[in-house]
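# Notes for the structure review
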Amino acid sequence: MIPSVLPTYNRAPLEFVKGEGAWLTEADGRRFLDLGAGIAVNALGHAHPALVMALTGQAQNLWHVSNLYQIPQQQALADKLVDNTFADTVFFTNSGTEACELAVKMARKHFHDKDQPEKVEIITFDGSFHGRSSAGIAAAGSEKMTKGFGPLLPGFVLLTFGDLDGVTNAITDKTAAILIEPVQGEGGIRPVPDAEMKALRRICDENELLLILDEVQCGVGRTGKLFAHEWAGITPDIMMVAKGIGGGFPLGAVLATEEAASGMTAGTHGSTYGGNPLGCAVGCAVIDHVADTEFLAEVNRKAGLLRQKLEGLAAEHPEVFDQVRGTGLMLGIKCKATNIDVVNAGYDNQVITVPAADNVIRLLPPLTLTEDDIAEALTRLDKVAVQVEASLASA
Ligand SMILES: Cc1ncc(COP(=O)(O)O)c(C=O)c1O
């Protein structure tokens, strides 16, 4: 009999009842160090007082009115994002997938309204992840996500990650945009080198294409800048954001330049819940914290510390771990043992990591992780490695 919850997830047998900072607790009191943050979502950790206050304060006044009316919290969050980024304008969604939908629509509408309706194709890269909608799976193109869900939405040209020549060769009169994650998350924590980000920007400029960045996972302070593309010193035309911006409340956004967004006039797009008062009140509190230069400096300091210790750990356990990669607090350890076995051994040792493609485990902790948390992470990950070594030896 099919379970009452549609069985599309492989869930771990863990059931948390409370969260605080980087820690999750089960009903029996067992505490887990959360280095996954709900897949890069709980940017300020669990139950951050400022977020609790923002949410409960808003909940006592007004939950929902719809976008038929003014929403001051939405205006405030849009203003903060515009003030702190390349963007001139923002549309709020409930998720990263919906942000992807709008990013694609916005790019096509831009060229449609400029009398270039043939420009509809979007260049994307293997290993990427842009959500599970029809556009999202067509954009990422992997068989794992698309098999059985045909016919696929046309208009995406999938290239090999890192193949810049391939990009230049793939551009035709139909190309509208390049869509890329500055750091692939699901694909196994694969950062796009700064030089390549710059090259993609240049290619877009030279060929009159829009650069769409998917910062759903790598944005909102995760790499130690408010948005990951800042490291490369470039700006996109359109950017997808979600996850961290809501700190755990479902919230996403598309940020764009005035020029890129020029086709999106009244009636061309909408969402019942997108940008509702609850989500935006929380989003404002998140951005107030994360956009602060001292906060970001701390993220970078702690990221350096964590990375250095992880590299030591990997060197001490060469049968389990191969190499540490990533940037900021978006780190991956490519494993020699099977990554799922390492994640499961983490559950046994009460430390949470997240598997990704390419046999990687992801460490996406709350950005508020403390030095004590880092020390505890290493103690627990060392136990994980010893446990995996023992099971490899007895296999
Ligand atoms: C880079 C990226 N884009 C898009 C998405 C889809 O976001 P959501 O699951 O909020 O719809 C994700 C989710 O993991 C993601 O990592």
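Structure first, text after, so check above.
To keep things clear, this report deals only with the structure shown in the data block. (Residues numbered from 1 in each chain as written. Predicted model: local features only at pLDDT ≥ 70, side-chain atom pairs only at ≥ 80, totals over all residues. Heavy atoms only, no water.)

## Points about the overall build of the protein
Definition in use: Secondary structure elements follow DSSP: runs of H or I of four or more residues count as helices, runs of E of two or more count as strands, with numbering from the N terminus. Atoms counted for the radius of gyration: C-alpha only. Globule rule: 2.2 Å times residue count to the power 0.38. Each residue's exposure class comes from its accessible area (1.4 Å probe, protein chains only) as a fraction of the maximum for that residue type: buried when under 20%, exposed when over 50%, partly exposed otherwise. Residue contacts are defined here by distance: any two heavy atoms, one from each residue, within 4.5 Å place the two residues in contact. The Shrake-Rupley method, run with a 1.4 Å probe sphere, supplies the accessible areas, and residue values consider only the shown protein chains as cover.
Each helix and strand in the protein was counted, giving twelve helices and 17 strands. On C-alpha atoms alone, the protein measures out to a radius of gyration of 21 Å, which is about the 21 Å that the 2.2 N^0.38 rule sets for 395 residues. Summarising its shape, the C-alpha atoms of the protein cover approximately 65 × 55 × 50 Å along the three principal directions. Burial statistics for the protein: of 395 residues in total, 52% are counted as buried. Excluding contacts between residues fewer than 6 apart, the proportion of contacts in the protein whose partners are at least 24 apart in sequence is 72%. Carbon and sulfur atoms make up 53% of the accessible area of the protein, which amounts to about 17,600 Å² in all.

## Details of the state of the cysteines
To keep things clear, this is the line we draw: By disulfide we mean two sulfur atoms from cysteines, separated by a distance within 2.5 Å.
Tallying each qualifying case throughout the model produces zero disulfides. Cys100 carries a free sulfur, and the closest cysteine sulfur to it, the one in Cys218, is 14 Å from it. With no disulfide of its own, Cys284 has Cys280 as its nearest cysteine by sulfur position, at a separation of 6.7 Å. Accessibility expressed as a relative area gives 10% for Cys284, which makes it buried.

## Focus on the packing of aromatic side chains
Threshold: Each aromatic pair joins two rings of Phe, Tyr and Trp (for Trp, the six-membered one) with centres within 6.5 Å, and gets the label stacked for planes under 30 degrees apart, edge-to-face for over 60, and tilted for any other angle. Over a ring means this: the NZ of a Lys or the CZ of an Arg is within 6 Å of the ring centre and within 35 degrees of the ring normal.
Evaluated as defined, the whole model comprises one aromatic pair. Each ring, one from Phe16 and one from Phe32, has its centre 5.3 Å from the other, and the planes form 75°; the classification is edge-to-face. One end of the pair, Phe16, is in strand S1 (residues 16-20); the other, Phe32, is in strand S3 (residues 31-34), with 16 residues separating them in the sequence. A relative accessible area of 0% places Phe32 in the buried class. Sitting over the face of the ring of Trp23, Arg31 holds its NZ or CZ atom 4.4 Å from the ring centroid. A cation sits over an aromatic face here: Lys225 above Trp231, 4.7 Å from the ring centre.

## Thoughts on the pairing of strand S13 (residues 321-327)
Keep this limit in mind: Each pair of strands is called paired provided DSSP finds at least two bridges between the two strands.
Pairing of S13 with strand S14 (residues 330-335) involves six bridges; the strand directions are antiparallel. Counted as the bridge partner of Val324 is Ile333 from S14. Linking S13 back to S14 in an antiparallel pair, the connection comprises two residues, with Gly328 at a positive phi of about 60°.

## So, the site of the ligand
Rule in force here: Any residue with at least one heavy atom within 4 Å of a molecule or strand is counted as near it. Within 3.5 Å is the distance limit for a polar contact, defined as a pair of N or O atoms, with the added protein rule that one can donate a hydrogen and the other accept it, and that residues adjacent in sequence qualify only through two side-chain atoms. Just so you know the grouping, Ala, Val, Leu, Ile, Met, Phe, Trp, Tyr, Cys and Pro go in nonpolar, Asp, Glu, Lys and Arg go in charged, and all remaining residues, Gly too, go in polar.
In the neighbourhood of the ligand, the contacting residues comprise Ser95, Gly96, Thr97, Phe129, His130, Gly131, Glu181, Glu186, Asp214, Val216, Gln217 and Lys243. Note that a nitrogen atom of the ligand is positioned 3.2 Å from one of the backbone N or O atoms of Phe129. Within the side chain of Asp214, a nitrogen or oxygen atom sits 2.7 Å from a nitrogen atom of the ligand. For the ligand, whose free accessible area comes to 390 Å², the fraction covered by protein is 83%. Classifying every residue of the shell around the ligand gives two nonpolar, six polar and four charged.

## Some remarks on the sheet that holds S1
For clarity, the cut-off: Geometry is summarised by axes, namely lines fitted to C-alpha atoms with helices restricted to the contacting stretch, and by angles between N-to-C directions that run from 0 to 180 degrees.
Strand order in the open sheet formed by four strands is S1-S2-S3-S15, with mixed pairing between adjacent strands. What marks the edges here is a single partner per strand, and that holds for S1 and strand S15 (351-352). Here S1 pairs with strand S2 (residues 23-26) via four bridges, running antiparallel. When the bridges of S2 are listed, Glu20 appears paired with Trp23. This element, helix H12 (residues 371-394), spans S2, S3 and S15 of the sheet and lies at about 105° to S3.

## Things to note about helix H3 (residues 72-84)
Defined as follows: A helix's residues, less one, multiplied by 1.5 Å, set its expected span. Relevant arc is that of directions from the helix axis to the C-beta atoms, nothing else.
In this model H3 runs 18 Å from its N-terminal to its C-terminal C-alpha over 13 residues, within 8% of the 18 Å that 1.5 Å per residue would give. What H3 keeps buried is the set Gln74, Leu77, Ala78 and Leu81. Viewed end-on, H3 has its buried residues packed into an arc of 100°, placing them on one side of the element. Of the residues in H3, the exposed ones pointing more than 90 degrees away from the buried face are Pro72 and Asp83. Those residues of H3 that are buried lie in contact with strand S4 (89-93), strand S12 (252-256) and helix H9 (277-290).

## Observations regarding the nonpolar core
In plain terms, the rule: Joining through side-chain atoms within 4.5 Å is the link that ties buried Ala, Val, Leu, Ile, Met, Phe, Trp, Tyr and Cys residues into a set, and such a set is a nonpolar core.
By size, the foremost hydrophobic cluster in this structure holds 85 residues, and its most contacted members are Phe92, Ile178, Leu255, Val290, Leu310, Phe321 and Val342. Among the elements that take part in this core, helix H10 (residues 293-316) stands out by supplying eight residues, more than any other. When residues no more than four places from it in sequence are discounted, the contact partners of Phe92 are Gln74, Leu77, Ala78, Leu81, Leu251, Gly252, Ala253, Ser271, Gly274, Gly275 and Cys280. Residues Ala103, Val216, Met240 and Val254 belong to the second largest nonpolar core, which totals 26 residues.

## Considerations on the pattern of salt bridges
To keep things clear, this is the line we draw: Each salt bridge in this description consists of a side-chain nitrogen of Lys or Arg and a carboxyl oxygen of Asp or Glu lying within 4 Å of one another.
The final tally for this structure, using the stated rule, is 14 salt bridges. The salt bridge involving Glu376 is made with Arg380; its shortest N-O contact spans 2.8 Å. Of this pair, Glu376 and Arg380 both sit in helix H12, four residues apart, which is roughly one turn of the helix. Exposure remark for Arg380: the relative accessible area of 14% places this residue in the buried category.

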